[in-house]
Amino acid sequence: AKAAEEAAAAAEEEDEGADDWENVADEWDAEGSDIEIPDIGGGDDESDEDEDLVEKERRKEEAELKKKGIEKAKRDAAAEARKKEIEAMEAQMAEEADKAEREAEMKKLEARKRRMEREAEEAAARSTDDLRSPICCIMGHVDTGKTKLLDKIRQTNVQSGEAGGITQQIGATYFPPEKLLEKTQKLNDDLGLVMKLPGLLVIDTPGHEAFSNLRSRGSSLCDIAILVIDLMHGLEQQTIESIEMLRKKKCPFVVALNKVDRCYMWKENEGLEFRDTLALQEEATQAEFRDRMMGVRTQLNEKGLNAELYWENTELASTVSMIPTSAHSGEGVNDLLHMIVRLTQERMAQSLMYSNTLQCTILEVKVIDGLGCTVDVILVNGEMNAGDQLVVCTTNGPVVAQARALLTPPPNRELRIKAQYINHDNIKAAIGVKICAQGLEHAVAGSPIMVYSPEKGDDLNDIKEEVMKDFSSLQTNLATDAEGVFAQASTLGALEALLEFLRNECKPPIPVHAVAIGPIFKRDVMRAGLMHQKGLPQFATILAFDVPIDNDAVTLAEELNVKIFTADIIYHLFDQYTRHLAATLEAEKEKAKEIAVFPSLCKILPNHVFNQKDPIIVGVEVLEGILKVGTPLCIPHNNFLQVGRVTSIESNHQQVDRAKKGTQCAISIVNDGNPNMMFGRQFTDEHPLYSELNRTSIDSLKKYFKDDLSNADWKLVVKLKTVFSII
């Protein structure tokens, strides 16, 4: 019972204590106590806030990525749409271009058809009552008197202006009908010939072999040719070449037997017809003329040509007429013109009928003071007006240029003579014309000129194609080599002739690296100077034909060691360059002597050791090759021991610079690298001495001393290459 009471008392106290604490807590709440009770719980609220921030950042990042993805998709879609649009546009443009190209091609073909129909109509409208001036070529060997003959007809003196008396460019001279009639009236009357020709155009082609391309160009234009043969010398090299060319072109010709005044005791009769002047000569003179004429006729017969004096020729179609002339006194000149008029009128009227179809060929391209770049042309058919749109073939493609001026020299003067020119608004064939127009600097000599006339329905592309048709064949003449000299000339025709001469006539041919037309300036010298950098000093050269040299260019050429050779006659350039080349090669050969090692194989003669050391002097026999002073010797059998260099050779008590196979001689050997080299210590007479070759020395031998070595010597070189393992 007591225990129960104590437990009840304790529970009561506990309840009271609890009540006291609750009361105190209530009082604190009531008083709003400032006592801070630290929060020692888990911080759940703050953790939730951090988690919210991370989630927020993640969602923001996702939103941005989504936005960027949408933007990229939009861009890709736009790009794809743009690409498809561009492809569609390109396809449309390609289709339109194809269509335009087809239309242009159709338009061109239609224009070409119209042009050809028009040309056919113009050809059909031709008549033998309306002839053009025949174009006559004068051809022949050097110094046969071609230009002198023309000078006599014109009463001018072009010949004195020619370098060396040799025609260097093609000259064109127009003879009006009055002049022809004046010269041929008497002979025409004798035959009852009425002259219908409106004139005569004569092209004086160069005779020297260097100008075969100019002769070709002249003869391709000509209707009839005069082949000038020197009565004293007969057929010569270019005479034969000219005959072959005329045969190839199927061009009719007459022979002018020039220099009849050289016959013994010839009495000159100024300007008289030949038969009249021959009748006035002594019998012996007439006999000499007949003998010489028969000699030329025989030579022509040997070439497969029938020939007769023109007044004895009854078969004009199959027999060549020979007209004796004197360019000095003018005898026979009237006969020559008479035969040209007679043959062209009687036998060539069909080919000389005038046509309105323009046929115009460029002879020369030349820069003239006050006129700029001009082209000399032969107007064969048709007519040309100042202001016409010309389409010209150039090395850079077809060029359209307006004819600013059409110039001709005064009648009976040459196109190339710098005289006062006559300006024309309209000009009719056949005649030589100088055309002034812009953009003709690169016009190709020998190519045609055409006129573009939109009012006639011409298509420009058709005209351009037609003009450029033959250019590929002409272009081969201007092709240049990877290395070589520089060629410069006054005109394109002269440049073509110079290239032809250097490549085909020169033995050996001279390679040409670059070409130019006109005066030599600093830029030309600088280009030539590049050959020094390539290690080709022999090609640091300009061969200048008939061109001036700028003073600054001369100064620069001296600084850069560029040689400029100038000449008015082409073959003089070859002579100058050949001398220069020989001097250059000789200088290089002299330098190469230090490098080149001639092949040799020697044995030391027993008991012929005169000095064992510094210098080593021994007697040797040359077993193979050539032993020269300066040759380095070694003994391959003795681990390629370098014995030394030969400093002197003595044979038969005389100093010599070389000893050939089979020679016994004494040699002095010095070894600068090893002065202690001694016969009997390092080497004996047991093994032969070899020339020590290497790749450089062999290359030097090939380049500079090829002719100095025999076949046996070169076989030894091959053998030594194996010995010294030279690749």
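Scroll up for the structure.
Everything numeric here is computed off the predicted structure, so don't read it as measured data.

This paragraph deals with the state of the cysteines. Inspection of the entire model under this criterion finds 0 disulfides. Here Cys136 is not disulfide-linked; the sulfur of Cys137 is the nearest cysteine sulfur, at 7.0 Å. Cys136 gets classed as buried once you look at its relative accessible area, which sits at 1%.

Overall, antiparallel pairing links the 8 strands, which are arranged E12-E11-E17-E8-E9-E16-E13-E14 in an open sheet. Whereas interior strands pair on both sides, the edge strands pair on one side only; in this sheet they are strand E12 (397–402) and strand E14 (422–424). The sheet shows a mean angle of 40° between the axes of neighbouring strands, direction not considered. Judged from the 9 bridges that link them, strand E8 (residues 359–368) and strand E9 (residues 372–381) form a sheet pairing that is antiparallel. Residue pairing for E9: Cys360 is matched across the bridge by Leu379. Docked against the sheet, helix H10 (residues 460–468) engages strand E11 (389–394), E12 and strand E17 (448–452), running at close to 40° with respect to E11.

Trans peptide bonds make up most of the peptide bonds, and negative phi angles are found at most residues other than glycine. Pro615 follows Asp614 through a cis peptide bond whose omega is -5°. Although it is not a glycine, Asp614 adopts a positive phi angle of roughly 40°. Note that Asp614 resides in the loop between strand E22 (600–611) and strand E23 (616–628). Of note in the backbone geometry, Asn652 takes a positive phi value of approximately 55° without being a glycine.

Looking now at helix H17 (residues 711–723). Between the first and last C-alpha of H17 there are 19 Å, a value that for 13 residues agrees with the 18 Å anticipated at 1.5 Å per step. Every buried residue of H17 is accounted for by Asp713, Trp714, Leu716, Val717 and Leu720. On an axial view of H17, the arc spanned by its buried residues comes to 150°, and they lie on one face. Exposed residues pointing more than 90 degrees away from the buried face of H17 are listed as Asn711, Lys715, Val718 and Thr722.

Moving on to empty space enclosed by the protein. Throughout the structure, instances matching the rule amount to 1 cavity of 30 Å³ or more. Around the largest cavity sit Asp614, Pro615, Ile616, Val643, Ile669, Val670, Asn671, Asn674, Pro675 and Met677, which together line it. Residues that form the lining of the largest cavity fall into these classes: 7 nonpolar, 2 polar and 1 charged.

The next point concerns a negative patch on the surface. There is a patch of like negative charges on the surface, built from Glu49, Asp50, Glu51 and Asp52. Following the sequence through the fold, Asp50 ends up in helix H2 (residues 44–124). For Asp50, a relative accessible area of 45% corresponds to the partly exposed category.

What follows deals with the pairing of strand E1 (residues 135–140). Among the 6 residues that make up E1, 6 are buried, leaving the element largely enclosed by the rest of the structure. Residues Ile135, Cys137 and Met139 point to one face of E1 and Cys136, Ile138 and Gly140 to the other, with burial holding for every one of them. For E1 and strand E4 (residues 224–230), the ladder comprises 5 bridges, and the chain directions are parallel. Looking at E4, one finds that Gly140 is bridged to Val228.

What the rule picks out here adds up to 28 salt bridges. Ionic pairing is found between Lys72 and Asp76, a salt bridge with its closest N-O pair at 2.9 Å. Remark: Asp76 and Lys72 occur in helix H2; sequence separation between them is 4 residues, near one turn of the helix. Lys72 sits in the partly exposed class, given a relative accessible area of 46%. When the shortest N-O distance is used, the salt bridge between Arg292 and Glu288 registers 3.0 Å.

Turning next to the side chain of Glu122. On the secondary structure map, Glu122 appears in helix H2. Leaving out residues up to four positions away in the same chain, Glu122 has contacts with Ser355, Asn356 and Thr357.

This part takes up the packing of aromatic side chains. Using the criterion set out here, one finds 7 aromatic pairs in the structure. A centroid spacing of 5.2 Å and a plane angle of 50° characterise the contact between Phe274 and Phe289, whose relative ring orientation is tilted. Of this pair, Phe274 sits in helix H7 (residues 274–279) while Phe289 sits in helix H8 (residues 283–302), placing them 15 residues apart in sequence. In this structure Phe274 comes out as buried when scored by relative accessible area, which is 0%. Judged by its relative accessible area of 0%, Phe289 is buried. Among the aromatic residues, those joined into a cluster by ring pairs are Trp266, Phe274, Phe289, Tyr310 and Trp311. We note Lys628 situated over the ring of Phe705; from NZ or CZ to the ring centre the distance is 5.9 Å.

Let us now look at the packing of helix H13 (residues 522–533) against helix H14 (residues 551–560). Remark: H13 packs on H14, axes separated minimally by 9 Å, with the N-to-C direction vectors making an angle of 15°. Taken together, the axes of H13 and H14 lie roughly parallel to each other. The hand of the H13/H14 crossing is right-handed. When H13 is examined against H14, the residues Lys522, Val525, Met526 and His532 are found in contact with a partner set consisting of Asp552, Ala553, Leu556, Ala557 and Leu560. Here the residues of the contact of H13 with H14 sort into 6 nonpolar, 1 polar and 2 charged.

The rules behind the values
Here the residue numbering is sequential within each chain, running from 1 through the sequence in written order. This being a predicted model, a pLDDT of at least 70 is required before a residue's local features are given, and a value of 80 or more before pairs of side-chain atoms are given or counted; all residues contribute to the totals for chains, interfaces and linings. To obtain the side-chain values, all non-hydrogen atoms of the structure were included, while hydrogens and water were left out. Pairs of cysteine sulfur atoms within 2.5 Å are identified as disulfides in what follows. In this scheme, a residue with accessible area under 20% of its type's maximum is buried, one over 50% is exposed, and one in between is partly exposed, where area comes from a 1.4 Å probe on protein chains only. Each pair of strands is called paired provided DSSP finds at least two bridges between the two strands. Think of it this way: any DSSP run of H or I at least four residues long counts as a helix, any run of E at least two long counts as a strand, and we number them from the N terminus. In this analysis an axis means a line fitted to C-alpha atoms, helices contributing only their contacting stretch, and an angle means the value between N-to-C directions, from 0 to 180 degrees. Residue contacts are defined here by distance: any two heavy atoms, one from each residue, within 4.5 Å place the two residues in contact. Expected span of a helix: the number of residues minus one, times 1.5 Å. The arc under discussion is defined with respect to the helix axis, by the directions toward the C-beta atoms. Definitions used throughout: a 1 Å grid over protein atoms alone; a cavity as a set of points that fits a 1.4 Å probe which cannot get out; a pocket as an open set with protein on both sides within 12 Å along at least five of seven lines; a lining residue as one with an atom within 4 Å of a point. Grid points are joined across faces, edges and corners, and a volume is the space filled by probe spheres set on the points. Residues were grouped as follows: Ala, Val, Leu, Ile, Met, Phe, Trp, Tyr, Cys and Pro as nonpolar; Asp, Glu, Lys and Arg as charged; and all remaining residues, including Gly, as polar. Residues forming no salt bridge and having over 30% relative accessible area are the ones grouped into patches, like charges within 9 Å of each other and nonpolar side chains (Val, Leu, Ile, Met, Phe, Trp, Tyr) within 5 Å. Per-residue and other accessible areas follow the Shrake-Rupley method at a 1.4 Å probe size, with only the shown protein chains counted as cover for residues. A side-chain nitrogen of Lys or Arg and a carboxyl oxygen of Asp or Glu constitute a salt bridge if their distance falls within 4 Å. By the counting scheme adopted, Arg and Lys are positive, Glu and Asp are negative, and His together with the chain ends is not counted. Charged groups are reduced to one reference atom each: NZ for lysine, CZ for arginine, CG for aspartic acid, CD for glutamic acid. Ring geometry is summarised as follows: Phe, Tyr and Trp rings, the Trp one being its six-membered ring, pair when their centres sit within 6.5 Å, and such pairs are stacked at plane angles under 30 degrees, edge-to-face over 60 and tilted between the two. Comment: the charge-over-ring label is applied if NZ (Lys) or CZ (Arg) is within 6 Å of the ring centre and within 35 degrees of the ring normal. Angle categories: roughly parallel below 35 degrees, roughly antiparallel above 145, roughly perpendicular from 65 to 115, and oblique for all the rest. Should the near helix be turned anticlockwise from the far one by less than a right angle, the crossing is termed left-handed; should it be turned clockwise, right-handed.

Fair warning: the whole summary comes from geometry, so function is off the table for now.
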